[in-house]
Amino acid sequence: MSALSQARAKFKRFRYELKNEKSTADKMSRKEKLAINLVNSGGDNCISTLKSSFFNVFLTTSLGLDPTTIALLATVTTILGYIKDPITALIIESTRTKWGRFKPYVVICMPAVVLLNFAFMMNPFSDYQAKVIYVFTLEILLSILSGFSGAWGNMKRCLSRDKKERENYYKMAKVFRDITGCIPGIIPVLIDICKTAGISNRYVFMGMAIFLFPFSLYSALQARHLRERVFLPPKASNFLSPKELAYNIKMVAKNKNAIILWWVSVGAIFNYVADIANAYVFMYCFQWYSLQTIMGLCGGIVSWVCIICSKKIFRKIGYKGVAIGYKMLMAASMIVLYIIGFGTQWYFWIGVCLCRMVGASLEQLDGVATDLFQTDVWDHYEWKTGVRNETVTNLIGGYVLMPINLLKPLFYAYVFNKIGFRPGENVVQPASALQGLFFVYTIFIAVGSISDIFPYLLIRLNKKTMETVRADLKAREVAKEAARREGRELTTDEILSIHAQPAVPPES
């Protein structure tokens, strides 16, 4: 049999298994895994990456909005988030359906978010005031709907109790997100081409939105194939009562590890401004925006290799070691780059290339480690208390961290106005703006990376502890299912008293 015939036979077998393989209580079918990655990388990532990665570039260059207006937009949507988040969280937490807590909202709202993001990029107005009104209106609608579609972030942690299954789909998701993220990544190249040809880069964003829209919409619809495996019993009421809300707040106060994770928001102030400055550094300081795409592509290839080897890496240094090592490496490389200085020397360009490749190649591996580490935090909390309330905890965390979240856009506007940044297409930035952008790009990333290390140092969850936690949680799921078949529900005390039987060593 020729190699082509063998490949054709393998493809036919894969299609048959994809169509007929069934999911079990612990194992996810290939069709479900494919659906997860389509939802994660397509529905949740494709057009949203186009918008989020180039949000400020689009607003400042294509629409000509100034930093103060953009900061006002971010502040309004943040305040709106604090008003609608309690309603969203209470509805999601109190939902009990045969499909689970999160799936109904993901299935309905994620396609709607894709549609609104598409409309956002297709802004049809030329008048400044009309553009501002259009942007504000769609951002408010997106803020409301994304609160429900954002349930996907919690849903993916409820898709399996099995550690290997979680590792597999987290790694697959990161690779898929890398692949789909490369599509909007061509935008810097297209903007450079348009700049050379004297064409407005607004057509680049409009064309990319039209290109990505069908795939993103199809991917978002794949959420209907997912199933939650961490179920809660049916509930008659649609909202949490004040007593239940008070109980949830009390349980959140006991979740010290989740509270420690809130510290990441402190470093996020600097990362927020540095991420915005990132694009402008390549666009104005280096006069070669395409370099960002080239470095991202090279780093993406290395990141896939890292993901493939992640099992060995995690086994040797653990999830925390990967996350801490990445952040330390990023901080050190950015400090060295700033010391080298902004200029045209050959070693400066080598430094830029190395820093970009380090960031792009290891960021995805760090993302896998962070997802697994946060899942361990929630599993440990559920093991201790019998409660799993991610949405309410994130809600309360948002209110505790409200000053920081409101400070982000104001800090961005202050920094960019301070360095003398000028919005608009094909504008010439003053020397102070170029030096300021380079400082923000390097030192702010270093400060944010160092700050992000602290939660990993303070939360102590070792391998042995988590093996016990996962075994006990699996035993509790079996016991709860057996009780349901008998027509009753286990109390919290009964659940906490269930532990997995220790493995009996074989007789010699």
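Caption draft 1: Geometry of the overall build of the chain. Assigned secondary structure in the chain consists of 23 helices and zero strands. Out of the 508 residues in the chain, the part that is buried amounts to 50%. Contacts in the chain between residues at least 24 apart in sequence constitute 83% of all its contacts with a sequence separation of at least 6. When the accessible surface of the chain is split by element, carbon and sulfur atoms take 66% of a total near 24300 Å².

Caption draft 2: Just helix H16 (residues 310-340), in detail. A rise of 1.5 Å per residue sets the reference length of H16, with its 31 residues, at 45 Å; its end C-alpha atoms lie only 32 Å apart and thus fall more than 12% short of the reference. Of all bends in H16, the biggest is about 95°, found at Ile317.

Caption draft 3: Structural view of a positive patch on the surface. Where like charges cluster on the molecular surface, the positive patch consists of Lys164, Lys311, Lys312, Arg315, Lys316 and Lys463. The element that contributes the greatest number of residues to the positive patch is H16, accounting for four residues. Relative to the helices and strands, Lys312 resides in helix H16. By relative accessible area, which is 57% here, Lys312 ends up exposed.

Caption draft 4: Local environment of the pattern of salt bridges. Tallied over the full model, the rule gives seven salt bridges. Across the pair Arg488 and Glu494 runs a salt bridge whose closest N-O atoms are separated by 4.0 Å. A relative accessible area of 34% means that Glu494 is categorised as partly exposed. One salt-bridge network, held together by shared partners, links Glu481, Arg484 and Glu489.

Caption draft 5: Quick peek at the packing of aromatic side chains. A full pass over the atoms with the stated rule returns 16 aromatic pairs. Between the aromatic rings of Phe58 and Phe120, the centroid separation amounts to 6.1 Å while the plane-to-plane angle is 50°, which identifies the pairing as tilted. On the criterion of sequence distance, the pair formed by Phe58 in helix H4 (residues 55-62) and Phe120 in helix H6 (residues 103-121) is long-range, its members being 62 residues apart. Given a relative accessible area of 1%, Phe58 falls into the buried group.

Caption draft 6: Local environment of the packing of helix H14 (residues 264-285) against helix H19 (residues 402-418). Contact geometry for H14 and H19: axes closest at 9 Å, N-to-C directions at 35°. In the packing of H14 onto H19, the handedness of the crossing is right-handed. Contacts between H14 and H19 involve Ser265, Val266, Ala268, Ile269, Phe270, Tyr272, Val273, Ile276, Ala277 and Tyr280 from the first element and Ile404, Leu407, Lys408, Pro409, Phe411, Tyr412, Val415 and Phe416 from the second. When its residues are assigned to classes, the contact of H14 with H19 shows 16 nonpolar, one polar and one charged.

Caption draft 7: Highlighting a nonpolar patch on the surface. Residues Trp263, Ile335, Ile339, Ile450, Phe454, Leu457 and Leu458 make up a contiguous nonpolar surface patch of about 690 Å² in total accessible area. Elements with a contribution of two residues or more to the nonpolar patch: H16 and helix H21 (454-458). Ranked by the residues each element gives to the nonpolar patch, the list is headed by H21, at three residues. Counting through the fold element by element, Ile335 comes out in helix H16.

Caption draft 8: Expanded view of the nonpolar core. Counting 73 residues, the largest nonpolar core has Leu50, Leu59, Phe205, Phe416 and Leu437 as its most contacted members. Tallying contributions element by element places H14 first for this core, with 11 residues. In this structure Leu437 touches Ala277, Tyr280, Val281, Cys285, Phe416, Ile419 and Phe421, once residues within four positions along its chain are discounted. Core analysis: the second largest hydrophobic core is formed by 12 residues, Ala323, Tyr456, Leu461 and Leu473 among them.

Caption draft 9: Expanded view of the environment of Glu32. Within the secondary structure, Glu32 is located in helix H2 (residues 30-43). Classification of Glu32 by relative accessible area gives buried; the value is 3%. Sequence separation between Glu32 and Leu226 is 194 residues, and the spatial gap between their C-alpha atoms is 6.0 Å.

Caption draft 10: Up close: H14. The end-to-end C-alpha separation of H14 is 29 Å, in line with the 32 Å expected for 22 residues at 1.5 Å each. Counting buried residues in H14 gives 16 out of 22 residues, a clear majority hidden from the surface. Looking one or two residues past H14, Gln287 carries a phi angle of roughly 55°, positive in sign.

Caption draft 11: Representation of the environment of Pro409 within the structure. Within the secondary structure layout, Pro409 lies in helix H19. Here Pro409 falls in the buried class, since its relative accessible area comes to 3%. Residues Pro409 and Leu72, 337 residues apart in the sequence, show an inter-C-alpha distance of 7.5 Å. Contact partners of Pro409, with chain neighbours within four places excluded, come to Ala71, Ala74, Thr75 and Tyr272.

Caption draft 12: Seen up close, the confidence of the model for the chain. With 82% of its residues at a pLDDT of 70 or more, the chain shows a mean pLDDT of 77. Mean pLDDT across the elements of the chain ranges from a minimum in helix H8 (residues 152-155), with 66, to a maximum in helix H20 (residues 431-452), with 88. Every residue in residues 233-239 is under pLDDT 50, and counting partners more than four places away or in other chains gives 14 contacts. Across residues 504-508, where pLDDT falls below 50, the model places zero contacts with residues more than four positions away in sequence or in other chains.

Caption draft 13: Structural context of the side chain of Thr370. Within the element layout of this structure, Thr370 appears in helix H17 (residues 346-385). According to the relative accessible area criterion, Thr370 is buried, its value standing at 16%. A polar atom in the side chain of Thr370 sits 2.8 Å from the backbone oxygen of Asp366.

Caption draft 14: Molecular detail of the packing of helix H3 (residues 46-53) against helix H11 (residues 202-221). Where H3 contacts H11, the two axes come as close as 8 Å, and the packing angle between them is 150°. With respect to each other, H3 and H11 are oriented roughly antiparallel. Of the residues in H11, those in contact with Cys46, Ile47 and Leu50 of H3 are Phe205, Met208, Ala209, Leu212, Phe213, Phe215 and Ser216. A per-class count over the contact of H3 with H11 returns nine nonpolar, one polar and no charged.

Rules behind the numbers
- Along every chain, residues carry numbers that run from 1 in the direction the sequence is written.
- A pLDDT threshold of at least 70 governs which residues receive local features in this predicted model, and a stricter bar of 80 or more applies before side-chain atom pairs are shown or counted, although totals over entire chains, interfaces and linings include all residues.
- Hydrogen atoms and water are omitted, and side-chain values are computed over all heavy atoms in the structure.
- A run of DSSP states H or I qualifies as a helix once it reaches four residues; a run of E qualifies as a strand once it reaches two. Both are numbered from the N-terminal end.
- Each residue gets one of three labels from its accessible area relative to the maximum for its type: buried under 20%, exposed over 50%, partly exposed in between, using a 1.4 Å probe on protein chains only.
- Whether two residues are in contact is decided by their heavy atoms: any pair within 4.5 Å suffices.
- Only the protein chains shown count as cover for residues, and the accessible areas themselves come from Shrake-Rupley with a 1.4 Å probe.
- The span you would expect from a helix comes to 1.5 Å times its residue count less one.
- Note on bend: at a given residue it equals the angle between the axes fitted to the 7 residues ending there and to the 7 starting there.
- Note that patches include only residues with greater than 30% relative accessible area and no salt bridge, and the join distances are 9 Å for like charges and 5 Å for nonpolar side chains (Val, Leu, Ile, Met, Phe, Trp, Tyr).
- By convention in these notes, a salt bridge is any Lys or Arg side-chain nitrogen within 4 Å of a carboxyl oxygen on Asp or Glu.
- Think of it this way: Lys and Arg go in the positive column, Asp and Glu in the negative one, and His and the chain ends go nowhere.
- By convention, the charge on Lys lies at NZ, on Arg at CZ, on Asp at CG and on Glu at CD.
- Aromatic rings from Phe, Tyr and Trp, taking only the six-membered ring of Trp, are treated as a pair when their centres fall within 6.5 Å; an angle between ring planes under 30 degrees marks them as stacked, one over 60 as edge-to-face, and anything in between as tilted.
- Fitting a line to C-alpha atoms yields each axis, with helices limited to the stretch in contact; the angle taken between N-to-C directions then spans 0 to 180 degrees.
- A crossing counts as left-handed when the near helix is turned anticlockwise from the far one by less than a right angle, and as right-handed when that turn is clockwise.
- Residue type decides the class: Asp, Glu, Lys and Arg count as charged, Ala, Val, Leu, Ile, Met, Phe, Trp, Tyr, Cys and Pro as nonpolar, and the leftover types, Gly among them, as polar.
- We call a set of buried residues a nonpolar core when its members are Ala, Val, Leu, Ile, Met, Phe, Trp, Tyr or Cys and they connect through side-chain atoms within 4.5 Å of each other.
- The predictor attaches a confidence to each residue, and that confidence, scored 0 to 100, is pLDDT.
- Polar contact is the term for a pair of N or O atoms within 3.5 Å; when the atoms are in protein, one must be able to donate a hydrogen and the other to accept it, and sequence-neighboring residues count only if both atoms are side-chain atoms.
- An angle below 35 degrees is treated as roughly parallel, one above 145 as roughly antiparallel, one from 65 to 115 as roughly perpendicular, and anything else as oblique.

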